[in-house]
Every structure is written in C-alpha cells, then in structure tokens.
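# Summary of structural features
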Amino acid sequence: MICTTSLAENRGRILVIDSGASLLMPYMCVDGHVDLTGTGYEDTISHGQIVVNIIAKGIKDDQCITMIKYTNSRERNNSQVSLGRIILAAIRRLKPVAINMSFAGEDKDSDEKSALLWSIQNNIHVFIAAGNSGIVDNCNVYPACYSIAVNTLHVISSRDPKANKFRFAEYIKPADKEEADLISKGTSFATAIALKRWLMK
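The following refers to the structure shown. (Residues numbered from 1 in each chain as written. Predicted model: local features only at pLDDT ≥ 70, side-chain atom pairs only at ≥ 80, totals over all residues. Heavy atoms only, no water.)

## Here's the deal with the overall build of the protein chain
For clarity, the threshold we go by: Labels follow the DSSP assignment, with helices taken as runs of H or I lasting at least four residues and strands as runs of E lasting at least two, numbered in each case from the N terminus. Each residue gets one of three labels from its accessible area relative to the maximum for its type: buried under 20%, exposed over 50%, partly exposed in between, using a 1.4 Å probe on protein chains only. Note on contacts: a residue pair qualifies if any of its non-hydrogen atoms lie within 4.5 Å across the two residues. Computed with a 1.4 Å probe, the accessible areas rest on the Shrake-Rupley method; for each residue, only the protein chains presented here act as cover.
Summing up its helical and strand segments, the protein chain has 6 helices and 8 strands in all. Starting at the N terminus, the α and β elements of the protein chain follow one another as β-β-β-α-β-α-β-α-β-β-α-β-α-α. Within the protein chain, the proportion of its 201 residues that are buried is 53%. Long-range pairs, those at least 24 residues apart, make up 78% of the contacts in the protein chain with a sequence separation of at least 6. Surface exposure of the protein chain reaches about 9600 Å², of which carbon and sulfur atoms provide 49%.

## Points about unusual backbone geometry
Unusually for a residue other than glycine, Lys 95 sits at a positive phi of about 50°. Relative to the helices and strands, Lys 95 is located in the loop between helix 2 (83–94) and strand 5 (98–101). The phi dihedral of Asn 123 falls on the positive side, at around 60°, and the residue is not glycine. Tracing the backbone through its elements, the reader meets Asn 123 in the loop between helix 3 (110–121) and strand 6 (125–129).

## Some details on the packing of helix 2 against helix 3
The relative placement of two packed helices comes down to the angle between their axes together with the axis-to-axis distance. Applied cut-off: Orientation is described by axes fitted as lines to C-alpha atoms, over the contacting stretch for helices, and by angles from 0 to 180 degrees between their N-to-C directions. Here the angle decides the label: under 35 degrees means roughly parallel, over 145 means roughly antiparallel, 65 to 115 means roughly perpendicular, and every other value means oblique. Whether a crossing is left-handed or right-handed is set by the direction in which the near helix is turned from the far one by less than a right angle, anticlockwise for left-handed and clockwise for right-handed. Note on residue categories: nonpolar means Ala, Val, Leu, Ile, Met, Phe, Trp, Tyr, Cys or Pro, charged means Asp, Glu, Lys or Arg, and polar means any other residue, Gly included.
One can describe the packing of helix 2 onto helix 3 by two numbers: an axis separation of 7 Å at closest approach and a directional angle of 20°. In terms of their interaxial angle, helix 2 and helix 3 are classed as roughly parallel. The interaxial crossing formed by helix 2 with helix 3 has left-handed handedness. Of the residues in helix 3, those touching helix 2 at Leu 83, Gly 84, Arg 85, Ile 87, Leu 88, Ile 91 and Arg 92 are Asp 111, Glu 112, Ser 114, Ala 115, Trp 118 and Ser 119. Here the residues of the contact of helix 2 with helix 3 sort into 6 nonpolar, 3 polar and 4 charged.

## Digging into the nonpolar core
The line we're drawing: Among the buried residues, those of types Ala, Val, Leu, Ile, Met, Phe, Trp, Tyr and Cys that are joined through side-chain atoms within 4.5 Å form a nonpolar core.
Counting 32 residues, the largest nonpolar core has Leu 15, Ile 17, Ile 91, Ile 99 and Met 101 as the members making the most contacts within it. Elements with a minimum of two residues in this core: strand 2 (13–18), helix 2, strand 5, helix 3, strand 6 and strand 7 (153–157). In terms of residue count, helix 2 provides more of this core than any other element does, 6 residues in total. Formed by 27 residues, the second largest nonpolar core is a distinct cluster that contains Ala 21, Phe 127, Ala 190 and Ala 194.

## Things to note about helix 2
Stated formally: Every helix has an expected span of 1.5 Å times one less than the residues it contains. Arc definition: directions from the helix axis to the C-beta atoms.
Counted at 1.5 Å a residue, the expected span for helix 2 with its 12 residues is 16 Å, and the 16 Å between its end C-alpha atoms agrees. Among all positions of helix 2, only Leu 83, Gly 84, Ile 87, Leu 88, Ala 90, Ile 91 and Leu 94 are buried. An end-on view of helix 2 places all buried positions within 170° of arc, on one side of the element. Along its buried surface, helix 2 packs onto strand 2, strand 4 (64–69), strand 5 and helix 3.

## Digging into the state of the cysteines
What counts is decided by this rule: Disulfides are defined as cysteine sulfur pairs within 2.5 Å.
Summed over all chains, the structure comprises 1 disulfide. Each sulfur of the disulfide joining Cys 29 and Cys 64 lies 2.0 Å from the other. One quick way to see it: the torsion about the S-S bond of Cys 29 and Cys 64 is about 95°, and its sign makes the bridge right-handed. Placement of Cys 29 in the loop between strand 2 and strand 3 (34–35) and of Cys 64 in strand 4 is noted, with a sequence separation of 35 residues between them. Across this residue pair, the class does not change: Cys 29 and Cys 64 are buried.

## Points about the pairing of strand 5
We apply this condition: Pairing between two strands requires that DSSP report at least two bridges joining them.
Covered by surrounding structure in strand 5 are Ala 98 and Asn 100 together with Ile 99 and Met 101, the residues of both alternating faces. Where strand 2 and strand 5 come together, 4 bridges link them in parallel fashion. Paired with Val 16 across the bridge in strand 5 is Asn 100. Sheet analysis places strand 5 next to strand 6, joined by 4 bridges and oriented parallel. When the bridges of strand 6 are listed, Ile 99 appears paired with Val 126.

## Thoughts on the environment of Val 97
Examined against the element boundaries, Val 97 turns out to sit in the loop between helix 2 and strand 5. Sequence-wise, Val 97 and Asn 123 are 26 residues apart; in three dimensions their C-alpha atoms are separated by 8.0 Å.

Now the structure itself:
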C-alpha cells in the first residue's frame, strides 16, 4: 500500500528521502508527503526524524520539509516499488529547492540516477551520503557513485578525505559538540548538517 498526500508545488520545499518523521512538527509541509511502507510516517529506527530535525534548524519561514518514507529498516531500498521512479515523479511535481538522501548502499537504480540528473538540470541541490566505509578504488556506494560531478550535487562524508582517500566527497567538520556527536554516528547526519548549513547561507 502506498499512501500519499496531494502533491503541490512549493518553491521553498526541501525533500527528505528517509525512514519517516512526524508530520505534526511546524516545519513540515502541509502536503506532498509519500509513504511507501504503508505503515505511517513515524520514524521507527531513529534515523529520518533526526535527519529532519537537523535540517529544520536551517530552514527559513517560507520553507518547509516534505518526507518520502520508503523504509522501516536500515536497508536503503526496502520497498516494493522503484525508489528512483518515486523520487523522479515527486521532484517533477514538487520542484524542491533541495533534496536530502542520507541512506547509502551498494544497490544502484537507473531511475534514481535519472532523478538525480533531472534535479541537477533544474538547479536543485542534492545532498547525498558517501557512506561510512571509505571505499576508494571500486566505487560501489550509491547514490554517491553515479559519477555525476557538478556543483549542485553534494556528496557528504563524515570521514576526513586525507585519512580515507574518498576524494570526491565533501568532508564536514563539526562546528560544536552537538554536531560532533551527530557526525560521530556516521555520514547520514553529516549530510543533513551540510544541507542545514547550505540553507542558512
């Protein structure tokens, strides 16, 4: 079962693709959310809600967050539909200013790559996690390894590139203890912090 609210254009929208979040928070958009799990939007794995809370600290009064919930586990693709197709359909209708993709994995999806390319062509900034493995030679962490190099695509790492040689990623340094604690838990939250900082510029 796929649950969705009406999709409406919102120029100040930030699209988060993750494990869900409460829609009752004041920074959530009133429409456009998609639940691919059929279990409701609440985050049951302490991931999506944390990501959303981080990003929310950077949004302006005329901006809001839309959630595409596609999993209740730590697996990147855990739905019975093509995540890439859902993302592409959503961004074409919603036209967000930015997209956050904090999950990373070894499974690639041509529809997902098409969605990223469409976003880039339409000047949508996309923030994606480089993963926590520090893979260098045989790049197999997706969506980071689709070999798309433009300034609107931000591949975020919580590991110093000098240490792990993940050279194409942007290394996020913590600005305070709270950020340090979050970044220490992995690239997922470092990606959200990068988006928060971009929104605050």
